[in-house]
Structures are given as structure tokens and as C-alpha cells.
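As a plain string of letters, each chain reads:
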Amino acid sequence: MKFSIDGLVRPNISSLVPYSSARSEFSGEAEIYLDANENNFGSAAENGLNRYPDPLQRALRKSIAKYYRIAEDWVFLGNGSDEAIDLLYRIFCRPGVDEAIVCPPTYGMYETAASINDVRLREVPLDAEFQIDVAGVLQSLNTLTRLVFFCSPNNPTGNLMRREDIITISRSARCIVVVDEAYIDFADCPSLISEISEIPNLVVLRTLSKAFGCAGLRIGIAIAAPQLIRLLNAVKPPYNIATPNARLAINALQEQDTVRKWVREIVSERIALADELSTCRCVETVFPSDANFLLVRFRDSAAVYKFLLSRGIVTRDRSQLPGCRNCLRISVGTPEENVALLQAINEFDCL
Ligand SMILES: *Cc1c(COP(=O)(O)O)cnc(C)c1O
């Protein structure tokens, strides 16, 4: 049986007549714009910002599609990937009825967005190596499952999921499989974007928030088959990407050499930091990472967390997550910041 997403879409979304804005009805060039109740005298912010943004974000979508080497109609742009996550729930999950699967410990937004949308989550914990429990996921799939979320490299554990596991599950699941690749730029592994044309139920999430250093811009990307992209665009708020953000994002995509240099430096700092941390007395385990952070198990994470704070260093306490007892998640900083971190931890060891 060929996979079709039609049967998965909520009925109210299937029959949705998307909001039609002034700028989506007329997108050509004209002399005089009197169609959108803008302020035609000017903008108090910056020249040009009196006009609404392009709801289809054509310029930025073109740059992003080129960067990922896919056609533009396979690209959705969200106000951060968090917006794409929320939209996927809203498109596919009937509140109080349909279900989604997540594999903890993982990114908290999949659960938060499920709660907001009143979607029941089935949790299939990652195994002892923080890998996907394939049999467990396959067993948890049922006729109400609409979405399965994987995160690779996973936040907060830092490791890549096995590519074959994601492909196996995507091929046998009759629902949408979302792979969040926010950290893939730091991993030595190709993106699953290469599989997207073969696996019609696969959605790959990317973001400019991490390797590109644009967390403040809020540009998230979903890559999927055009039918799914059309649904995302129909449900999103019409002007979800602000004009200056789109412009800055296009500029950022021109800085690929800088980004590649940062990625190399961050990865080499990550390797050095992991080495150094593993020799510290207060450290029990430094988990292998394919991302720009390390998950570190301490003997007493609460004490280390507090001590680091007293030295002006903030880390992320993940100790309450399943499988993450006594763990802090530590972003890889600049060489100077990493030295300061190691100095503080050595100081802690000498207490
Ligand atoms: C940081 C992060 C993102 C990025 O979210 P944005 O909304 O695009 O900033 C997405 N997924 C995971 C797992 C992350 O850790």
C-alpha cells in the first residue's frame, strides 16, 4: 500500500481555507499599494518596514533551498523549528484523540507542544546507549499514532541516532516521522534530507539557531514532500517571519565559510573538553557527543551546578530527565570559556 498523508490530516485542516492576506492575493509590483492598510507615509522603525513581509518568504526560501540542494517547494520556514513542531501537532493530531511517540531523554519541546495541543504522548525511552528502541517504537505504533519524534544528534544526550533505525521505522510506520537535526552540522554524518524524496512520511527539521549562530533570528526549517509543506504553509500565521529576520538570514547563508570554520573549532574544542573533563575527580562519565555540547554525569551534579554558578558559569541541569541522573548539559564555549570552565571544575575538585 502506498503511503498517503491525506488520511492522517485532521479533517478541519483538510477542509481549511487558508487566510488570504493582501500580500498573498497580489504579489506583483505596483506603483501604489492601498491594499493592506499599511502606513504609506513611512515607518517609524526603518525604511521599508511599513510593508508587510512576503507570506511565502520567497527570497529566503530560495536561499535555503539552494543551501540544502532541494527544490523550494520542499522547504517550510518557521519562526524557529519550535513553530514547525507546534504546526505538525496542529495539522495531524486531533486534540484528545490522536497520539505521538517520543523517545526520552530528548528535547522538551515535543512534549510541551503535545500538552499545549492536548495530544497524548507515548514514551519509548532510548536504550542504555541512548539509541532508539526500534522494537519498542514499532510496538507502540497504533492507529491513533500521528507523529513520531526523533532527535539526531539528540538533545540532551548529544549522540547521533542510528540512521538505519530511523529509516526502518519511517518505512514501516504509517504516520509522520519527524527527525530533528538541529545539531547535525556538528556531526560527522550526512543529513536525512538525502532520503526525503524516497520516504514520503519523513520530515527533517533544521535550524539556523545553532551552527549558523542565529538563535535570535528565529529561523527554523522543515524539509518534506511538497504536499506536507503546503499544509504547513496553510496553517502557519501568514507573516511568521519578520522582514529584517529574513534579510539577515539570507546574509547569514552567505557566511558558509565562517560557519564551517566555527564548526571545526567547536568540534575540536568539544573533543578536548571531553578529554579534560573525563580526568576530573568530580566527573563520572562524559557521554560521547556529535553535537556542540556535552552531557556529563557528575558524582554530585547539584553541588557542581551551584559551584559553577558561584563562578559565574551557567550550565543546564538535566538531572531530572530519565537516564540523566546527576547530569549537566554543558555547551562547548570559546577556548577561553572552556578554560574558565575547567579551572572552576578543578577548583571544585580541590575543595
Ligand atoms: C536548539 C534546538 C532546536 C532549535 O529550535 P529553534 O526554535 O529553531 O531555535 C530544535 N531542536 C532541538 C533539539 C534543539 O536543541
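Summarised in this report is the structure supplied together with it. Just so it is clear, the model here is predicted, and its values are computed rather than measured. Here the residue numbering is sequential within each chain, running from 1 through the sequence in written order. In keeping with the model being predicted, local features are shown solely for residues with a pLDDT of at least 70 and side-chain atom pairs are shown and tallied solely at 80 or more, while totals for entire chains, interfaces and linings include all residues. With hydrogens and water set aside, each side-chain value is computed from the structure's full complement of heavy atoms.

### A look at the packing of aromatic side chains
Thought 1: Here a Phe, Tyr or Trp ring, Trp counted by its six-membered ring, pairs with any other such ring whose centre lies within 6.5 Å, and the pair is stacked when the planes are under 30 degrees apart, edge-to-face when over 60, and tilted otherwise. In this structure the tally under the stated criterion is ten aromatic pairs.
Thought 2: For the pair Y183 and F293, a centre-to-centre distance of 5.0 Å together with 80° between the ring planes defines the contact as edge-to-face. Linking Y183 in the loop between β5 (176–180) and β6 (202–207) with F293 in strand β9 (residues 293–298), this pair joins segments that are 110 residues apart in sequence. Like Y183, the residue F293 is buried in the burial classification.
Thought 3: Clustering of aromatic rings is evident, with ring pairs tying together Y89, Y107, Y110 and F149.
Thought 4: R329 extends its terminal NZ or CZ atom over the ring of F293, reaching a point 5.7 Å from the ring centre. Secondary structure follows DSSP: runs of H or I at least 4 residues long count as helices, runs of E at least 2 residues long count as strands, and numbering of each begins at the N terminus. Relative accessibility decides the category of a residue: with a 1.4 Å probe and only protein chains considered, values under 20% of the type maximum give buried, values over 50% give exposed, and everything between is partly exposed. Here, a charge over a ring is recorded when the distance from Lys NZ or Arg CZ to the ring centre is within 6 Å and its angle to the ring normal is within 35 degrees.

### With respect to the pattern of salt bridges
Thought 1: The term salt bridge refers to a pairing of a side-chain nitrogen on Lys or Arg with a carboxyl oxygen on Asp or Glu at a separation within 4 Å. Counting across every chain of the model gives 15 salt bridges.
Thought 2: Each of R94, D98 and R146 takes part in salt bridges that share partners, so that together they form one network.

### Considering the packing of helix α3 (residues 58–68) against helix α9 (residues 243–252)
Describing two packed helices takes the angle between their axes plus the distance from one axis to the other.
Thought 1: Each axis is a line fitted through C-alpha atoms, and for a helix only the stretch in contact is used; angles between axes span 0 to 180 degrees, taken between their N-to-C directions. As a packed pair, α3 and α9 sit with axes 9 Å apart at the nearest point and diverge in direction by 25°. With respect to their mutual orientation, α3 and α9 come out roughly parallel. Classified by chirality, the crossing of α9 by α3 is left-handed. Here A59, L60 and S63 of α3 lie close against α9, whose contacting residues are A246, A249 and I250. Angles below 35 degrees are treated as roughly parallel, those above 145 as roughly antiparallel, those between 65 and 115 as roughly perpendicular, and all remaining angles as oblique. Should the near helix be turned anticlockwise from the far one by less than a right angle, the crossing is termed left-handed; should it be turned clockwise, right-handed. When checking whether two residues touch, look at their non-hydrogen atoms; a contact exists if any pair is within 4.5 Å.

### Let's talk about the site of the ligand
Thought 1: Whether a residue is near a molecule or strand depends on its heavy atoms: it is near if one of them lies within 4 Å of it. Looking at the ligand, there are 14 residues lining it, with D180, Y183, S209, K210 and R218 nearest.
Thought 2: Two N or O atoms count as a polar contact when they lie within 3.5 Å, although within protein this holds only if one can serve as hydrogen donor and the other as acceptor, and sequence-adjacent residues are included solely when both atoms are side-chain atoms. Taking D180, its side chain carries an N or O atom lying 2.6 Å from a nitrogen atom of the ligand.
Thought 3: Contact between the ligand and K210: an oxygen atom at 3.3 Å from a side-chain N or O atom of the residue.
Thought 4: Method for areas: the Shrake-Rupley scheme with a 1.4 Å probe, in which residue coverage is limited to the protein chains shown. Relative to its free-state accessible area of 390 Å², the ligand is covered by the protein chains to the extent of 93%.
Thought 5: Three residue categories are used. Nonpolar comprises Ala, Val, Leu, Ile, Met, Phe, Trp, Tyr, Cys and Pro, charged comprises Asp, Glu, Lys and Arg, and polar comprises the others, including Gly. Considered class by class, the residues forming the shell around the ligand number five nonpolar, five polar and four charged.

### So, α9
Thought 1: Among all positions in α9, only A246, A249 and A252 are buried. Buried residues in α9, looked at end-on, bunch into an arc of 120°, giving them a common side.
Thought 2: Looking at the buried residues of α9, the elements they touch are α3, β7 (219–223) and α10 (256–278). This arc describes the spread of directions from the helix axis toward the C-beta atoms.

### Remarks on the nonpolar core
Thought 1: Residues enter a nonpolar core if they are buried and are Ala, Val, Leu, Ile, Met, Phe, Trp, Tyr or Cys, with the set joined through side-chain atoms within 4.5 Å. Core analysis: the largest hydrophobic core is formed by 58 residues, its most contacted members being I132 and F150.
Thought 2: If one sorts the elements of this core by residue count, α3 sits on top with four residues.
Thought 3: Ignoring sequence-local partners within four residues, the contact set of I132 consists of L126, V137, F150, M161, R162, D165, I166 and I169.

### Thoughts on the sheet that holds β9
Thought 1: If you trace the four strands from one edge of the open sheet to the other, you get β8-β9-β11-β10, paired in antiparallel fashion. Whereas interior strands pair on both sides, the edge strands pair on one side only; in this sheet they are β8 (283–286) and β10 (316–317).
Thought 2: Two strands form a pair only when DSSP identifies at least two bridges running between them. With three bridges connecting them, β8 and β9 associate as antiparallel partners. Bridge pairing in β9 links V286 to V296.

### Here we look at the packing of α10 against helix α12 (residues 335–349)
Thought 1: Direction vectors running N to C along α10 and α12 enclose 10°, while the axes themselves pass 11 Å from each other. Here α10 lies roughly parallel to α12, going by the angle between them. From α10, E269, L273, E276 and L277 reach across to α12, where they touch P335, N338, L341, L342 and I345.
Thought 2: Split by residue class, the contact of α10 with α12 holds six nonpolar, one polar and two charged.

Any link to function would need more than the numbers given here.
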